[in-house]
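Each chain, written out:
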Amino acid sequence: MEDTQKPTQISIFNIIAVICSATFAIYSTQVVTAISRAVKSLSKPAPNPKVIALKQKIAELKRELHGISPTGEFARYFKKDREMNKATEELTKLEAENSSETARNLKIDTVVRVLMQFSALALLRYVSGITAYCIPDTIFWPFNILVRFPAIFGNDTCPTEFAEVSGFALAFLMIHLFNLTWKTCRSCYSSTSATTTSDDKKTK
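Residues numbered from 1 in each chain as written. Predicted model: local features only at pLDDT ≥ 70, side-chain atom pairs only at ≥ 80, totals over all residues. Heavy atoms only, no water.

1. Things to note about the packing of aromatic side chains
For step 1, the next point in the chain: Under the defined criterion, the tally for this structure stands at three aromatic pairs.
For step 2, the next point in the chain: Each ring, one from F13 and one from Y126, has its centre 5.8 Å from the other, and the planes form 75°; the classification is edge-to-face. Of the two residues, F13 is situated in helix α1 (residues 12-43) and Y126 in helix α4 (residues 100-127); the sequence distance between them amounts to 113 residues.
For step 3, the next point in the chain: For F13, a relative accessible area of 58% translates into the label exposed. (Phe/Tyr/Trp six-rings, centres within 6.5 Å; stacked < 30°, edge-to-face > 60°. Helix = DSSP H or I, 4+ residues; strand = E, 2+ residues; numbered from the N terminus. Buried < 20%, exposed > 50% of the residue type's maximum accessible area, 1.4 Å probe, protein only.)

Pasting the structure below:
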């Protein structure tokens, strides 16, 4: 009796895994950026109350200085100006101490990017064995490897004269077709709206 390998069973989990893998392959930059932004917003430290107080004080001193004549009230103007300079120096010093936020954001970006790439590779490895359907191997020959990507070699789920179409390749193609259709419809709608508006203006 021949030992035959059963095709990968299609399940809801496998479908979701394939869609997620294809989506990340297409929108990896947007996904990483969105996750990084979310992590930054959640891990953002509370603002330093001293910095807030100094900014408010400087703004108030500026308003007072605008209302004082530097020639008519020189002593008072000089006193307020000295207070503002001192507060500005303190604010600069505090902001320099808290300048590590840029480094923190860079670390978050790096960690998120690395984790997402490893997760994407693991997910891609998992979905490589999922076959959507079989097609005659002459249709896309000699590029059959493209339709069974990410699997490099066949997984024996199809007869010898057929080539496997991976779930990833199918989802990748369907997402691109959906995007193309959506953009085309939006473009047609925009053109129609512009034409209608132009006709209305001419009528008026």
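2. A short note on the UniProt feature "transmembrane region" (unreviewed entry) in the protein chain
For step 1, the next point in the chain: Here the UniProt feature "transmembrane region" (unreviewed entry) sits at residues 12-35, 123-143 and 163-182.
For step 2, the next point in the chain: Between the first and last C-alpha atoms of residues 163-182 the distance is 30 Å; the span itself is 80% helix and 20% strand. (UniProt positions renumbered as here; feature names shortened; annotations may be inferred.)

3. Side note on the pairing of strand β2 (residues 162-166)
For step 1, the next point in the chain: Judged by how many residues are buried, β2 sits mostly within the fold: four of five residues are covered.
For step 2, the next point in the chain: As paired elements, strand β1 (residues 131-136) and β2 share five bridges and run antiparallel to each other. By the bridge assignment, I135 is partnered in β2 with A163. (Pairing = 2+ DSSP bridges.)

4. Let's talk about a nonpolar patch on the surface
For step 1, the next point in the chain: A cluster of nonpolar side chains, namely I139, F140, F143, I145, L146 and I152, defines an oily patch on the protein surface of about 620 Å² accessible area.
For step 2, the next point in the chain: Within the element layout of this structure, F140 appears in the loop between β1 and α5 (144-147). (Patch = residues over 30% accessible without salt bridge, like charges linked within 9 Å, V, L, I, M, F, W, Y side chains within 5 Å. Areas by Shrake-Rupley, 256 points an atom, 1.4 Å probe, with all protein chains shown as cover. Salt bridge = Lys/Arg side-chain N within 4 Å of Asp/Glu carboxyl O.)

5. Comments concerning the nonpolar core
For step 1, the next point in the chain: Counting residues in hydrophobic clusters, the biggest one holds 10 residues: A17, V18, A22, I26, L124, V127, I130, F168, A171 and I175.
For step 2, the next point in the chain: Those elements giving two or more residues to this core turn out to be α1, α4 and α6 (167-203).
For step 3, the next point in the chain: No other element matches α1, which puts four residues into this core.
For step 4, the next point in the chain: Among residues more than four places away in sequence, those in contact with I26 are F172, I175 and H176. (Core = buried A, V, L, I, M, F, W, Y, C linked by side-chain atoms within 4.5 Å. Contact = heavy atoms within 4.5 Å.)

6. What about the pattern of salt bridges?
For step 1, the next point in the chain: Per the stated rule, a full pass over the model turns up two salt bridges.
For step 2, the next point in the chain: K80 is the partner of E64 in a salt bridge, and the nearest nitrogen-oxygen pair spans 2.9 Å. Placement of E64 in helix α2 (residues 49-66) and of K80 in helix α3 (residues 74-97) is noted, with a sequence separation of 16 residues between them.

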